[in-house]
Amino acid sequence: MAKFKGVREAFAAALTDLVVEGKDVYGVFPDSLSAMRAISFGEKYPERYVECGIAEQCAVDVAAGMATTGAIPFVGSYSGFLTMRAGEQMRTFVGYTDLNVKFAGFNAGCMGGEREGVTHQFYEDLAFVSSLPNFKILTPADGNQMYKAVKLAAELKGPVYLRGGSGKEPTVFPEDAPFSLDGITVCKDYGSDAVILSTGHVLDRVIAAADQLKEKGINVTAADINILYGDNPAKILEVMAKTELVVTVEDHNINGGLGSYISRLATENRPVKVKRIALEDYSESGPAKELGDKEGFSPENIAAVVAKCLGK
Amino acid sequence: MSIKKIPMRDGYGKALLELIAANPKVIALDADVAKSTRSIWVKEKFPNNFIDMGIAEQDLVGTAAGLAFGGMMPFTSTYAVFMAGRAWDEIRTTVCYNNLNVKIAGAHAGISVGPDGATHQALEDVAIMRVLPNMTVVVPCDAEETRKATLAGAAINGPFYVRFGREAVPVVTEESTPFELGKARTCREGSDVAVIANGAMLYESLEAAKILAEENISVEVIDLHTVKPIDVDAVVAAAKKCGCVVTAEEHQIFGGMGSAVAECLAQNYPVPQEFIGINDSFGESGQPQELMDAYNLNQSAIVAAVKKVIARK
Amino acid sequence: METAALQKIARRVRFEAVRMIYEGKEGHPGPALSCADIVATLYFDVMNINPDEPDWEDRDRFILSKGHGCPIWYATLNERGYLKPKVEHFHLRELGSIFQGHPSMHSGVPGIDMTTGSLGNGIAIGAGMAYAAKVHKKDYYTYVICGDGEMQEGVTWEGVNMAKGRGLDNLVVFVDNNGWQSYKTIEFTIGQNNMADRFRAFGWHTQEINGHDVEQIKAAVLIAKKTPGSPHAIICRTIKGRGLSYMENNNKWHKGVPTEEQWAITQTELGGE
């Protein structure tokens, strides 16, 4: 397993390793090879680098066509250019056909697109992909997890959507930590005053909030949700069962993402209060850290929201 | 007794004619399916207020955005699956991010499109539209409510999505029935369970309530036509009054109105909820009513869900 | 296959396509009939296929990008022996039927390589299949039939561009240029806008033929196969509803069901041998 800085390099490293392992994988890129940090992959395996030009709908269709022959194409680009520009192609020609196409969507969230601004920040993708039958959604929190998620995606049969941010996110998981097949990893277990559920690259902030809360005598559980809308939420429900307050944190619109998923699990299984911390409007340009803080993802704000919900 | 049925799209066409008669800046655009969406009525009566963009949905939305910049009020229409699917990027970044005054109609939505099959059955459009800031999302229950919703969409400044089906559906509202964007409408008072529905499922919910009344189960039925912005007060009040909720919609459960209600309940007043909707599958060809039955979108499914959710109280 | 025999098959599948719409009481007969000769020629003469082994990995691929024309495809697959036993009643578009309103690769019809129905995507998907053939060192061809209306979709030209850029000379695209779309003519709606010249401008090897002349169809494919280096467009002049007097060039038949009387005419004009 190679060393890498963040989710993008991890994606490219895993794709390369999959070729070395003899998998019939391809990188289908709508002018996104460089953004995917996959230039060395393209140079090393020119036949496995399928360049489609700035044409995302074409890239998804090409991947669908390739998958009918047994190939395992990974379409890599910015998450919104895939889910929004080529959304119908993802739905009808990959979802409905249940073809073995994998999508890696980066620049997810305001911190994923950071200084590029709204047109290159994507916080709507989960609402769409979660509504598509047959798709599995993997949201690795850091590079180590992304590497394993890509490997897992190649093993899973059928469409997979991998969500990643800027590639500069902090590493939270140890290199040898597995990518949880239960869809949840408890990172801090200080108590059951609240359960804070995180998805993707806000995890370091959630863990920091849990630590801050502990200092104030509020003992929470902080966990990473890495599979959204999965077939088996039993472990997630198990963690939710120990508390009367769940707080969700995600760099995504407040509708249709993690918070929506957890809200449904709550009302359908055990009605419990769910407070959602997420984006409620379009964001703006800015460096990831400052932007994330401004949008409510600072550990201080997360801790304050939890404390307020508990009346403390 | 036979029930009067009218396709909701007739309400859309009627509203367009009323709007254009009053305001020549209203213009209808379609992508080669004007006959189906009823925007053809505009072409017939006000040919200068109609553009057929051909089979080019992204172009449809892009041109509408340009017209809005130019001071027009464009109403775009095509099948919901192609509108929300193929033109989502344009709707998000060009229309919603710029908060443009573009109105969008998703026609032939839901599984009741029937024989055309899965490629033409939009089951995700509400999820897709609901996640966009600045967007208003309305799912009316009959032709008259579609007419009122379309008129109400014209009265607000900003992006607006109205969704309707293909089939003739029972008439459940009259001209005098009140309609206010963003305000849920209580259609029937009850106390044991609140059934929150929209689209064609509202009629089914009202029928289910009658069946349940015979078993002494008192059902409140709420028409949640505006999915976004959601009427938090009405949803919470219903939950407080009844203690449990069933949502019913002709759309994927993930991301649709039921999910919006779950978010609202979980955040404000968590109570047990059961979900009637498409359960994470694609549709198929068939006659509309056959499909509604095959996918559990009918009165008996609502009756069963009500009993289940009451048992969870 | 001999021209006369191919013509006979084309007539037969036309009849079957209209029959399944008549029996199923819904469907798109006009768009099915305009590409009948191309589909029949591909399946009975051109393509390297084996109906007994529909998933044979070296088979030529076929995509009906204009998915609403599927009755002609279903009829042709049935005539060619893909369905075992041969289907007598299609139950087109009925609940539970394998013959969906638009073709599905998972509904149970053998020989459907790709789901379609949402317009504009066939060329890009075909490019993916053609690309896979190149990297897998296979010599199969991928054939796509597009409608002329769907040339209005942007993704069509993304696929055209990419296929040329990747040198996919194993991709052959027919455009069923019947001149109509769902509401009116192409010319009225947005313009034909130099259909063939557009493909030429993208660097495609482009031919223009009569899409109802099976000899011209066969010849065009042979020429395409002998012309390496770029993908192939065969622009076919066709007549919507071709083969039935009451349907030809009448766009009322974009979607529709024959009456009893029209069914009788159908039997006279297309029935029998």
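Residues numbered from 1 in each chain as written. Chains lettered and ligands numbered in written order. Predicted model: local features only at pLDDT ≥ 70, side-chain atom pairs only at ≥ 80, totals over all residues.

**Remarks on the interface of chain A and chain C**
Moving on, step 1. Across the boundary between the two partners, chain A contributes 23 residues, which contact 23 residues of chain C.
Moving on, step 2. Secondary-structure elements contributing two or more residues to the side of chain A that touches chain C are helix 3 (56-67) and helix 5 (87-95) of chain A.
Moving on, step 3. Here the element with the most residues in the side of chain A that touches chain C is helix 3 of chain A; it accounts for eight residues.
Moving on, step 4. Among the residues making up the side of chain A that touches chain C, the classes are represented as 11 nonpolar, eight polar and four charged. (Contact = placed C-beta atoms within 7 Å. Helix = DSSP H or I, 4+ residues; strand = E, 2+ residues; numbered from the N terminus. Nonpolar A, V, L, I, M, F, W, Y, C, P; charged D, E, K, R; others polar.)

**Quick notes on the interface of chain A and chain B**
Moving on, step 1. On the chain B side, the residues contacting the 35 residues of chain A number 34 residues.
Moving on, step 2. Those elements giving two or more residues to the side of chain A that touches chain B turn out to be helix 4 (79-85), helix 5, helix 7 (125-130), helix 11 (258-269) and strand 12 (273-279) of chain A.
Moving on, step 3. In terms of residue count, the dominant contributor to the side of chain A that touches chain B is helix 11 of chain A (seven residues).
Moving on, step 4. Looking at the side of chain A that touches chain B residue by residue, the class counts come to 13 nonpolar, 12 polar and 10 charged.

**Quick look at the domain arrangement of chain B**
All names here are of chain B.
Moving on, step 1. Under the domain assignment used here, chain B contains domain 1 (5-170) and domain 2 (185-311).
Moving on, step 2. Spacing between the C-alpha centres of domain 1 and domain 2 amounts to 25 Å.
Moving on, step 3. Taken together, the 26 residues of domain 1 in the interface contact 29 residues of domain 2.
Moving on, step 4. Only helix 7 (125-130), strand 6 (136-138), helix 8 (143-155) and strand 8 (168-170) provide two or more residues apiece to the side of domain 1 that touches domain 2.
Moving on, step 5. Across the side of domain 1 that touches domain 2, the residue classes break down as 15 nonpolar, seven polar and four charged. (Domains from an automatic or database assignment.)

**What to know about the packing of helix 1 (residues 3-24) of chain C against helix 4 (residues 70-79) of chain C**
All names here are of chain C.
Moving on, step 1. The geometry of helix 1 relative to helix 4 is characterised by a closest axis approach of 8 Å and an angle of 120° between their N-to-C directions. Classed by the angle they form, the pair helix 1 and helix 4 counts as oblique. Once helix 1 is placed against helix 4, the crossing between them reads as right-handed. Counting all contacts with helix 1, which are made through Ile9, Arg12, Val13, Glu16, Ala17, Met20 and Ile21, the residues of helix 4 involved are Pro71, Ile72, Tyr74, Ala75, Thr76, Asn78 and Glu79.
Moving on, step 2. For the contact of helix 1 with helix 4, a count of residues per class yields nine nonpolar, two polar and three charged. (Axes fitted to C-alpha atoms, helices over the stretch in contact; angles between N-to-C directions. Parallel < 35°, antiparallel > 145°, perpendicular 65-115°, else oblique. Left-handed = near helix turned anticlockwise from the far one by under 90°.)

**Remarks on unusual backbone geometry**
Moving on, step 1. Between B:Lys228 and the following residue, B:Pro229, the backbone shows a cis peptide bond with an omega angle of -5°.
Moving on, step 2. Each neighbour pair has its own omega, and for C:Lys84 with C:Pro85 the value is -5°, a cis peptide bond.
Moving on, step 3. With a phi close to 75°, B:Asn134 is a non-glycine residue in the positive phi region.
Moving on, step 4. If you trace the backbone, B:Asn134 turns up in the loop between helix 7 and strand 6.
Moving on, step 5. Overall, the presence of 16 C-beta atoms within 10 Å leaves B:Asn134 in the partly exposed class. (Buried ≥ 20, exposed ≤ 12 C-beta atoms within 10 Å, placed from the backbone.)

**What to know about helix 12 (residues 288-297) of chain A**
Residues and elements named next belong to chain A.
Moving on, step 1. When helix 12 is considered as a whole, its buried residues turn out to be Ala288, Leu291, Gly292, Glu295 and Phe297. Summarising the axial view, the buried residues of helix 12 lie within an arc of 105°, below the 170-degree limit, and thus occupy one face.
Moving on, step 2. Buried residues along helix 12 sit against helix 6 (110-113), helix 9 (203-215), strand 11 (245-253), strand 12 and helix 13 (299-309). (Arc of directions from axis to C-beta.)

**Let's talk about the environment of A:Met36**
Moving on, step 1. Note on placement: A:Met36 falls in the loop between strand 1 (25-29) and helix 2 (39-44).
Moving on, step 2. Taking the C-beta count within 10 Å as the criterion, A:Met36 has 24 such neighbours and is therefore assigned buried.

**Remarks on the nonpolar core**
Moving on, step 1. If you look at the biggest cluster of nonpolar residues, it comprises 317 residues, and the most contacted ones within it are A:Val62, A:Ile196, B:Val195, B:Val245 and B:Val306.
Moving on, step 2. Excluding residues that lie within four positions of it along the chain, A:Val62 makes contacts with A:Val28, A:Val50, A:Cys52, C:Ala124, C:Ala127, C:Gly128, C:Tyr131 and C:Met162. (Core = buried A, V, L, I, M, F, W, Y, C linked by C-beta atoms within 7 Å.)

**Concerning the sheet that holds strand 9 (residues 185-188) of chain B**
Residue and element names in this part refer to chain B.
Moving on, step 1. With mixed pairing, five strands are arranged side by side in an open sheet as 9-11-10-13-14. In this open sheet, the two edge strands, each paired with only one partner strand, are strand 9 and strand 14 (273-278). Across the sheet, the mean angle from the axis of one strand to that of its neighbour is 25°, orientation sign disregarded.
Moving on, step 2. Relative to strand 11 (residues 219-223), strand 9 runs antiparallel, the two being bridged by three bridges. Within the sheet, the bridge partner assigned to Thr186 lies in strand 11 and is Ile222.
Moving on, step 3. Here helix 11 (residues 257-268) sits on the sheet and contacts strand 10 (193-197), strand 13 (245-252) and strand 14; the angle it forms with strand 13, its principal contact strand, is near 145°. (Pairing = 2+ DSSP bridges.)

**What about the domain arrangement of chain A?**
All names here are of chain A.
Moving on, step 1. The domain architecture assigned to chain A consists of domain 1 (7-163) and domain 2 (184-309).
Moving on, step 2. Taking the mean C-alpha position of each, domain 1 and domain 2 sit 26 Å from one another.
Moving on, step 3. Secondary-structure elements contributing two or more residues to the side of domain 1 that touches domain 2 are helix 6, helix 7 and strand 5 (136-138).
Moving on, step 4. Among the residues forming the side of domain 1 that touches domain 2, the class breakdown is 11 nonpolar, seven polar and five charged.

**Re the environment of A:Val75**
Residues and elements named next belong to chain A.
Moving on, step 1. One can find Val75 in strand 3 (residues 72-78).
Moving on, step 2. Sequence-wise, Val75 and Val206 are 131 residues apart; in three dimensions their C-alpha atoms are separated by 30 Å.
Moving on, step 3. Not counting chain neighbours up to four residues away, the residues in contact with Val75 comprise Val28, Ala59, Val60, Ala63, Leu82, Val101 and Phe103.

**Considering the sheet that holds strand 8 (residues 194-199) of chain A**
Residues and elements named next belong to chain A.
Moving on, step 1. Read across the open sheet, the five strands follow the order 7-9-8-11-12; overall the sheet is mixed. For this open sheet the edge positions go to strand 7 (184-189) and strand 12, each flanked by a neighbour on one side alone. Each strand of the sheet is rotated relative to its neighbour by a mean of 20°, with strand direction disregarded.
Moving on, step 2. In terms of strand pairing, strand 11 meets strand 12 through six bridges, oriented parallel. From the neighbouring strand, Val249 faces strand 12, where its bridge partner is Ile277.
Moving on, step 3. Each of strand 8, strand 9 (220-225), strand 11 and strand 12 is contacted by helix 11, which is oriented at about 150° to strand 11, the strand it contacts most.

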